[in-house]
Amino acid sequence: MPAAPLSDGQPDAAADRSTRRKLLLAAGGAAASAVIGTVIGAVANRITSAEQAVRDDRAVEQAKRADAQRKPPIATNAYYYDRSDEAVVWALATPLTGDQRQRLLSRSLPAEGEVADTFPDVVNGVVRSVDGRLARVLTRLRVSAVGQWTGPVFVRQIRARVLKRFAPLSGTLLLRGSQGDGEPLSIGFDLDEPESVARVISPKDETLGAAYVDRRALTLSPGEPVTIDVQAYTDRSYCEWVIELELDLGGEKRVQVVDDHGRPFRSTGVAARYQDRYHVSLLDGWTADGAGPPVWKL
């Protein structure tokens, strides 16, 4: 029986090519899968990073808003403000004690200083006179304000709220005269009004006109400072009062109180008669005038 012919190797070569093809296809598929996976991963990372950035921005904004919520929308500082060229009075509810009178008349108390420190309960103001009589005492204030909200703060209204009201102080009157009246400030409160809103002051006769915010929009951006000079008066009373700022914080309404570092501002009308009166001049120092009506002294 003849022997079987020897193989020429072609079937094995075909098998090798088929195997290599399968390996190449598998490698290509794996590479393609890796590329696709990388692209998908990069896109996913980019989307995740963008979402994280948005979340971070929101967190920062929420932190800023939470911090702003913990403090007033406007940082304020208010203090009494008198011009040196104007007549000034200091009023007390009671006559001076013997020691206070002695200190005053011995000139140990300067005419333009230390009055408030020596008489803690004194109320001071700028004088307006008519026909030789004190007609009105103006309380002068300077209010400094800085916006500290996350956005603009709109001041919708400025008003004075009277906390206490009594008869004008009539114990002691201390008068430092001058040769004339100074210019009025731009904003005024009539504390005798039922609702005392800040009004524009006429420079001619100091009458109060339209509400201040009706004439001028007042908006404070974050970090923006503004200074407001205010004068207030009462013709009938002694008043303890504060300033209220009606604010709009982007749709949120809020009322912020401005006072004298935790104490109310104090104003007094002119009394018909005082138990104790004094005036000061550059040449003679303090002089006692006795009891009587509030007479103007140069």
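Here, every reference points to the structure presented above.
Here the structure is a predicted model, which means the values were calculated and not measured.

Colleague: I keep staring at the nonpolar core and nothing clicks. Help me out?
Modeller: Within soluble globular proteins, side chains that are nonpolar tend to cluster in buried spots. Core analysis: the largest hydrophobic core is formed by 30 residues, its most contacted members being Ile74, Ile158, Phe189, Trp241 and Ile243. Taken together, the elements giving at least two residues each to this core come down to strand S1 (74-80), strand S4 (133-147), strand S5 (153-166), strand S7 (187-190), helix H4 (212-215), strand S11 (218-220), strand S12 (225-233) and strand S13 (238-249). Counting residues per element, this core draws most heavily on S13, at six residues. In this structure, Val88, Trp90, Phe119 and Val122 belong to the second largest nonpolar core, which totals 12 residues.

Colleague: So what exactly am I meant to see when it comes to the pairing of S13 here?
Modeller: Two faces make up the sheet, and in a regular strand the side chains alternate between them. Of all 12 residues that make up S13, 11 are buried, and the element is covered over most of its length. The sheet contact formed by S5 and S13 spans 11 bridges and is antiparallel. Looking across to S13, one finds that arginine 165 is bridged to cysteine 239. Pairing geometry for S13 and strand S15 (residues 265-268), over four bridges, is antiparallel. When the bridges of S15 are listed, tryptophan 241 appears paired with phenylalanine 265. Here S13 runs beside strand S14 (residues 252-258); their pairing, made up of seven bridges, is antiparallel. Directly across from aspartate 248, in S14, lies its bridge partner lysine 253. Once S13 ends, the chain turns through two residues before running back antiparallel as S14, passing glycine 250 with a positive phi of about 65°.

Colleague: What exactly am I supposed to notice about the pattern of salt bridges here?
Modeller: Pairing is possible between side chains that carry opposite charge, provided their charged atoms lie close to one another. Counted by the stated rule, this structure contains 15 salt bridges. Put simply, glutamate 246 and arginine 159 hold a salt bridge, and the shortest N to O gap is 3.1 Å. Separated by 87 residues along the polypeptide, glutamate 246 in strand S13 and arginine 159 in strand S5 bring together distant segments of the chain. You can call arginine 159 buried: its relative accessible area is 17%. The partner of arginine 254 in a salt bridge is glutamate 252, and the shortest N-O contact between them spans 2.9 Å.

Colleague: Can you walk me through the packing of aromatic side chains in this structure?
Modeller: Each aromatic ring pair is described using two quantities: the centre-to-centre distance and the angle formed by the ring planes. Counting across every chain of the model gives five aromatic pairs. Considering the side-chain rings of tryptophan 241 and phenylalanine 265, the 5.1 Å spacing of their centres and the 50° angle between planes classify their relative orientation as tilted. Remark: phenylalanine 265 occurs in strand S15 and tryptophan 241 occurs in strand S13; sequence separation between them is 24 residues. Take tryptophan 241: its relative accessible area is 0%, and that puts it in the buried class. Taken together, the ring pairs connect Tyr80, Phe189, Trp241 and Phe265 into an aromatic cluster. Above the plane of the ring of tyrosine 233 lies arginine 136, whose end atom (NZ or CZ) is 3.7 Å from the centre.

Colleague: Looking at this structure, I do not really get unusual backbone geometry. What am I missing?
Modeller: Backbone geometry follows two general trends: most residues other than glycine have a negative phi, and most peptide bonds adopt the trans configuration. Even without a glycine there, the phi angle at glutamate 206 is positive, about 65°. One can find glutamate 206 in the loop between strand S9 (199-201) and strand S10 (208-211). For glutamate 206, a relative accessible area of 18% gives the class buried. Look at histidine 261: it is not a glycine, yet its phi comes out positive at around 55°. Inspection of the secondary structure puts histidine 261 in the loop between S14 and S15. Residue classification places histidine 261 among the exposed residues on the basis of a relative accessible area of 55%.

Colleague: What is the right way to read the side chain of threonine 234 from this model?
Modeller: Take threonine 234: it is sitting in the loop between S12 and S13. A distance of 3.4 Å separates a polar side-chain atom of threonine 234 from the backbone nitrogen of arginine 236. Looking at threonine 234, its side chain comes within polar contact range of the main-chain nitrogen of serine 237, at 3.1 Å. Once you skip the residues sitting within four places of it in the chain, threonine 234 turns out to touch Leu191, Asp192, Cys239, Ser267, Thr268 and Gly269.

About the thresholds
Residues numbered from 1 in each chain as written. Predicted model: local features only at pLDDT ≥ 70, side-chain atom pairs only at ≥ 80, totals over all residues. Heavy atoms only, no water. Core = buried A, V, L, I, M, F, W, Y, C linked by side-chain atoms within 4.5 Å. Buried < 20%, exposed > 50% of the residue type's maximum accessible area, 1.4 Å probe, protein only. Helix = DSSP H or I, 4+ residues; strand = E, 2+ residues; numbered from the N terminus. Pairing = 2+ DSSP bridges. Salt bridge = Lys/Arg side-chain N within 4 Å of Asp/Glu carboxyl O. Phe/Tyr/Trp six-rings, centres within 6.5 Å; stacked < 30°, edge-to-face > 60°. Lys NZ or Arg CZ within 6 Å of the ring centre and 35° of its normal. Polar contact = N/O pair within 3.5 Å; in protein donor to acceptor, adjacent residues only side chain to side chain. Contact = heavy atoms within 4.5 Å.

Keep in mind these values describe shape, not function.
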